[in-house]
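# Examining the three-dimensional arrangement
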There are 2 protein chains.
Amino acid sequence: MKKLSNLMDRIISRVNFNLRIFSIDVGDYLRGLVPENQLVKFYAFYGIWSNHPIHFHFSNSNLAGSCFLGRCKIDNSILYKCDIRGDELKVKGEVFHVDDKTLNVEEDEVIWIKDSLLVKTLVHNYSHNPEKLELFLIKNSASAPYANIHGSPIEGCFLEPFSTVDLTTLHDCRVGTYTYLQVGELSHIEVDAGWVWIRNKNLFDFNYNHPEDVLRKRYIAFVPGKGAMGMFMDFAEDRKMDFQRLYDVVNLESPIKEIPPGASINRYSVWKGKNHISRNVLVSQRAYLESSWLGEGANAQENCYISFSRLEGFNVTAHGATIIYATLGRKVFVGFNSFILGKADCPLTVGNESIIMPHTIIDLVEPVTIPGNHLVWGYIRRQADLEEHSMPLERLSKIKDQITIGRMRFRGSGDAFVEVFRQRIHHILEANGAFFDGETGRGHAQTGQTISFNIIQPYPTGEARGLYPTIDIEP
Amino acid sequence: MKKLSNLMDRIISRVNFNLRIFSIDVGDYLRGLVPENQLVKFYAFYGIWSNHPIHFHFSNSNLAGSCFLGRCKIDNSILYKCDIRGDELKVKGEVFHVDDKTLNVEEDEVIWIKDSLLVKTLVHNYSHNPEKLELFLIKNSASAPYANIHGSPIEGCFLEPFSTVDLTTLHDCRVGTYTYLQVGELSHIEVDAGWVWIRNKNLFDFNYNHPEDVLRKRYIAFVPGKGAMGMFMDFAEDRKMDFQRLYDVVNLESPIKEIPPGASINRYSVWKGKNHISRNVLVSQRAYLESSWLGEGANAQENCYISFSRLEGFNVTAHGATIIYATLGRKVFVGFNSFILGKADCPLTVGNESIIMPHTIIDLVEPVTIPGNHLVWGYIRRQADLEEHSMPLERLSKIKDQITIGRMRFRGSGDAFVEVFRQRIHHILEANGAFFDGETGRGHAQTGQTISFNIIQPYPTGEARGLYPTIDIEP
């Protein structure tokens, strides 16, 4: 175990050095979150398929419980139960558009995680930094449970629990608990807990901040030496055992007799109670489905929970989103780490094409109905809360300068904001195969049906206990 | 699948070329034995541990259901459900003794299988060819189910079902069904079915040949286009499903609450009914234990079956041996692929320190008792058969020139034969950890407790369907 604990020290000191202006010791926050016996016990796995270039390279690392697809290079890192895909990386020969310029992708892109400590973190998509087209780099960084690194190269960063960095390049930043950033590029900044910040060059700037005391007392707090606490953690921890079985069995039987055409259920997803899925539905790894109904082309992305709910079709349920006791119309989008907690007697109903912003908390004490074509953000417990936490997309489209509603402030072109969002939702559905007609429109739901998952484990004893051997897997 | 079937053709044409003087097409024998869907369905696995150097390299191969330990390099080969270990290979710095000379091992030895097609074959131990100290090479060769390649580098060979090549270097040879060879070196020879031939330089030469018609009609026949047939095959096939579960579950619970000190049960062994194992017992992968009692230091090696039997202690049950309804005294040795089929009302009893030669068939129609300190060979169905198929070791020790008993002929020094055999049995027990006292005498039973097994799978679709990616795993 000696080598592993040396590695841990080395990573922490590197992250701390990058973040030295903030005088933080990330070790105080993270050491307790990676129990040494778990690092030895859990296996990692990687997928082999013919639909995307693969190349896996792992050295001097622990990968406990993590999953890899595509091209991933992991050196001197500890990845504990992370979801790291590489099947959306750019491929040699593609053309990347940025503003009015085009850039040629000269080689297959790779996710490279170096000198980093990621805990239950999702790493996904591809580098949106046009300066590093072929490299999605995560270096000298640390992240806490249920953080999302989505299309975001980061160096010297510390991501607190349930934070999301989306399509953003970060240098030496600290991202607070339950903060969502989609801002292009940031460096040497501390962002407090509970911010939702979306900025698109000079086009628009959306921001909202969750009331700090509510967040900390009820939903999620992160305390040095004690870890992450609150309802978000309890919710995930309570369901942890349901995932265990998936890791015990090599080839699980499908939870339903016939998978509808174009649909796929990942073998590392949980299926409880009686669920219905329609054609072109995608259920990703570590998605959790319980007594729910998913219409055509709906997707349930990594780490999402959908229970006692009905999703009419073409729904996006983003990474880490939770949906309990809800009826969502067609094309309703539920963003990253949104937490919708209806109850049997206090359900949520959402009309077609509404957008639930990332990191929205809807924790109901009475039934709530959100009309179609609305933007929804922030913190909602009652119908009356909608007033300060939603608006019709049509109204938003007309905004040209700025608007402030409660704790939300929007500046710039509302029309551009709505348009960018709609395009992105369409793109996500397309990429996931929601529109597959049997011939064209193939996406993850279709290609994901034919992956073989392979298991790798660390040294069980000796000095290298807990470290994985050097592994290189090429086509 | 195209690449895989090209590979199959290429291997077969190479083996045929090496064996061209015999005008044989090994494809006629082997193609039907490797169903293409199995090649895609079964996963292979390798073990990671800290007790022995590891290095795995797999390229352009199918490895379905095969197992690897230590240092193994597999190129352009199809290995179907093979047991290939590498944990007994020589290690850099060791000294190898041959006659009165010593040779230094200059680098860690590697098993290298190239351009070969092995089906349900065991490859084991280390190269006993002192001319290639660091390389245990298997090239341009093909083998049929339940063949054993034990410490034997082979090039251009065809091993028929249940044949064993033990501590022997072979070039361009065909080894008949159920033939056992331990003869040092052979080239360009066809050995008929059912031979048991042990030759030690000028010291001694033991040979026995099974009656061909009995072997073919009752026990094992190998027919082009039809494969292997007979009681040996039926026996193994009947128990195939018992192994299936082992491959379905990632971490099986131990079949007993407390494993006695120094003992180990491989997770890929089958455990049926109520078994007892004592300290320092080794149960290897793909060993099959059913309602049996194993005394201190007994070992059950790969592919052996032990049912309704009692083994008093320090027993060696070699690879592929079958023991049903037998009571074996202390230090009884049962050689490779021996087939002991007692019945509840026709049991076999063997006294202490007797040696059942490799490839002995004991298929009882009445109870049979073999005294202690006897050598046993050939084909036994009744007590009276012992006359022509056994002799006291003491009597054998006194032979100085030659003796013929029934179909067995012995030439040379009986004393040397007995001495060499006893030393080998002692060495096997030692290597397997039978004499471990808690501190010294550590062997496979002790080191095997801490291996982590890792799963690898082939491409599930596309041109490369059934082929494994290029995999390289180093410490």
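By convention here, each chain's residues receive numbers from 1 onward along its written sequence. Labels follow written order: the first chain is A, the first ligand is 1, and so on. It should be noted that, the model being predicted, local features are given only for residues of pLDDT at least 70 and side-chain atom pairs only at 80 or more, the latter also being counted only at that level, while totals for whole chains, interfaces and linings use all residues.

### A word on the relation of the copies chain A and chain B
When the copies are superposed, the least-squares fit draws on C-alpha atoms of residues that have pLDDT of at least 70 in both. Turning chain A through 180 degrees and shifting it by 0.0 Å along the axis lays it on chain B, with an RMSD of 0.0 Å. Classification of the inter-copy transformation places it as that of a two-fold axis. The rotation axis passes nearest to the C-alpha of V249 of chain A in chain A, at a distance of 2.1 Å. Here, residue contact means that the backbone-derived C-beta atoms of the two residues sit within 7 Å. Interface overlap between copies is the fraction of interface residues in one copy that are interface residues in the other; for chain A against chain B it reaches 100%, indicating a shared surface.

### Quick word on the sheet that holds strand 16 (residues 158-159) of chain A
All names here are of chain A. One open sheet holds the six strands; their spatial order is 5-10-13-16-19-22, and the pairing between them is parallel. Looking at strand neighbours, the two that pair on one side only are strand 5 (78-80) and strand 22 (190-191), the edges of this open sheet. In the sheet, strand 16 pairs with strand 19 (residues 174-175) via two bridges, with the strands oriented parallel. Along strand 19, the bridge assignment pairs L159 with V175. For helices, the fitted line uses only the C-alpha atoms of the stretch in contact; every axis is such a line through C-alpha atoms, and the angle between N-to-C directions lies from 0 to 180 degrees. To qualify as a helix, a DSSP run of H or I must reach at least 4 residues; to qualify as a strand, a run of E must reach at least 2; elements of each kind are numbered from the N terminus. With respect to the sheet, helix 1 (residues 2-18) is in contact with strand 5, strand 10 (117-119), strand 13 (142-143) and strand 16, its orientation differing from that of strand 5 by roughly 100 degrees. Only strands that DSSP links by at least two bridges are regarded as paired with each other.

### Topic: the environment of G65 of chain B
Residue and element names in this part refer to chain B. Following the sequence through the fold, G65 ends up in the loop between strand 2 (55-59) and strand 3 (67-68). Distance in space between the C-alpha atoms of G65 and K120 is 8.9 Å, their sequence separation being 55 residues. If sequence neighbours within four positions are ignored, G65 has contacts with F42, A44, Y80 and K81.

### Considerations on the interface of chain A and chain B
Facing the 30 residues of chain A at the interface are 30 residues of chain B. Secondary-structure elements contributing two or more residues to the side of chain A that touches chain B are helix 6 (240-248), strand 50 (452-456) and strand 51 (470-474) of chain A. With five residues, strand 51 of chain A is the single largest residue contributor to the side of chain A that touches chain B. By residue class, the composition of the side of chain A that touches chain B is 18 nonpolar, nine polar and three charged. Strand direction decides the pairing type here: strand 51 of chain A and strand 51 (residues 470-474) of chain B, joined by five bridges, are antiparallel. Lys, Arg, Asp and Glu make up the charged group, whereas Ala, Val, Leu, Ile, Met, Phe, Trp, Tyr, Cys and Pro make up the nonpolar group; the residues left over, Gly among them, are polar.

### Quick notes on the sheet that holds strand 46 (residues 379-380) of chain B
All names here are of chain B. Strand order in the open sheet formed by seven strands is 28-31-34-37-40-43-46, with parallel pairing between adjacent strands. A single partner strand is all that each edge strand has here, and the edge strands are strand 28 (270-272) and strand 46. Pairing of strand 43 (residues 361-363) with strand 46 involves two bridges; the strand directions are parallel. Counterpart to I362 in the pairing with strand 46 is I380.

### Considerations on the pairing of strand 4 (residues 71-75) of chain B
For a regular strand, side-chain orientation follows a simple rule: the groups alternate between the two sheet faces. All names here are of chain B. Counting buried residues in strand 4 gives four out of five residues, a clear majority hidden from the surface. Sheet topology note: the strand 2/strand 4 ladder contains five bridges and is parallel. Bridge pairing links F58 to I74 in strand 4. The pairing of strand 4 with strand 9 (residues 110-114) spans four bridges and is classified as parallel. Residue pairing across strands places K73 opposite W112, the latter belonging to strand 9. Exposure in this text rests on C-beta crowding, where 20 or more other C-beta atoms within 10 Å of a residue's own make it buried, 12 or fewer make it exposed, and counts in between make it partly exposed. The C-beta atoms are placed from the backbone.

### Remarks on the domain arrangement of chain A
All names here are of chain A. Reported domain spans reflect what an automatic or database domain assignment gives. Domain parsing of chain A yields domain 1 (2-237 + 451-473) and domain 2 (258-448). For domain 1 and domain 2, the distance between their C-alpha centres works out to 24 Å. Each partner contributes residues to the interface: domain 1 has 29 residues there, and domain 2 has 30 residues. Those elements that place two or more of their residues in the side of domain 1 that touches domain 2 are strand 11 (122-124), strand 17 (164-166), strand 23 (195-200), strand 24 (204-209), helix 4 (212-219) and helix 5 (231-238). Ranked by residues supplied to the side of domain 1 that touches domain 2, first place goes to strand 24 with six residues. Residue composition of the side of domain 1 that touches domain 2, grouped by class: 18 nonpolar, eight polar and three charged.

### Some details on the nonpolar core
Connectivity within a nonpolar core runs through C-beta atoms within 7 Å, and the core itself is a set of buried Ala, Val, Leu, Ile, Met, Phe, Trp, Tyr and Cys residues. L79, I111 and V334 of chain A together with L79, I111 and V334 of chain B are the most contacted members of the largest nonpolar core, which totals 293 residues. Apart from residues no more than four positions distant in its own chain, L79 of chain B is found in contact with S61, L63, S66, I74, I84, I113 and L118 of chain B.

### Some words on the environment of L117 of chain A
Residues and elements named next belong to chain A. Within the secondary structure layout, L117 lies in strand 10. In sequence terms L117 and L7 are 110 residues apart; their C-alpha atoms lie 9.7 Å from each other. Non-local contacts of L117, meaning those with residues more than four positions away in its chain, are made with I11, I12, L30, S77, I78 and A142.

### Some remarks on the environment of I456 of chain B
Within the element layout of this structure, I456 of chain B appears in strand 50 (residues 452-456). C-alpha separation for the pair I456 of chain B and N18 of chain B, spaced 438 residues apart in sequence, amounts to 31 Å. Those residues in contact with I456 of chain B, other than ones at most four positions away along the chain, are N454 of chain A together with Y43, A44, F45, L63, Y468 and I471 of chain B.

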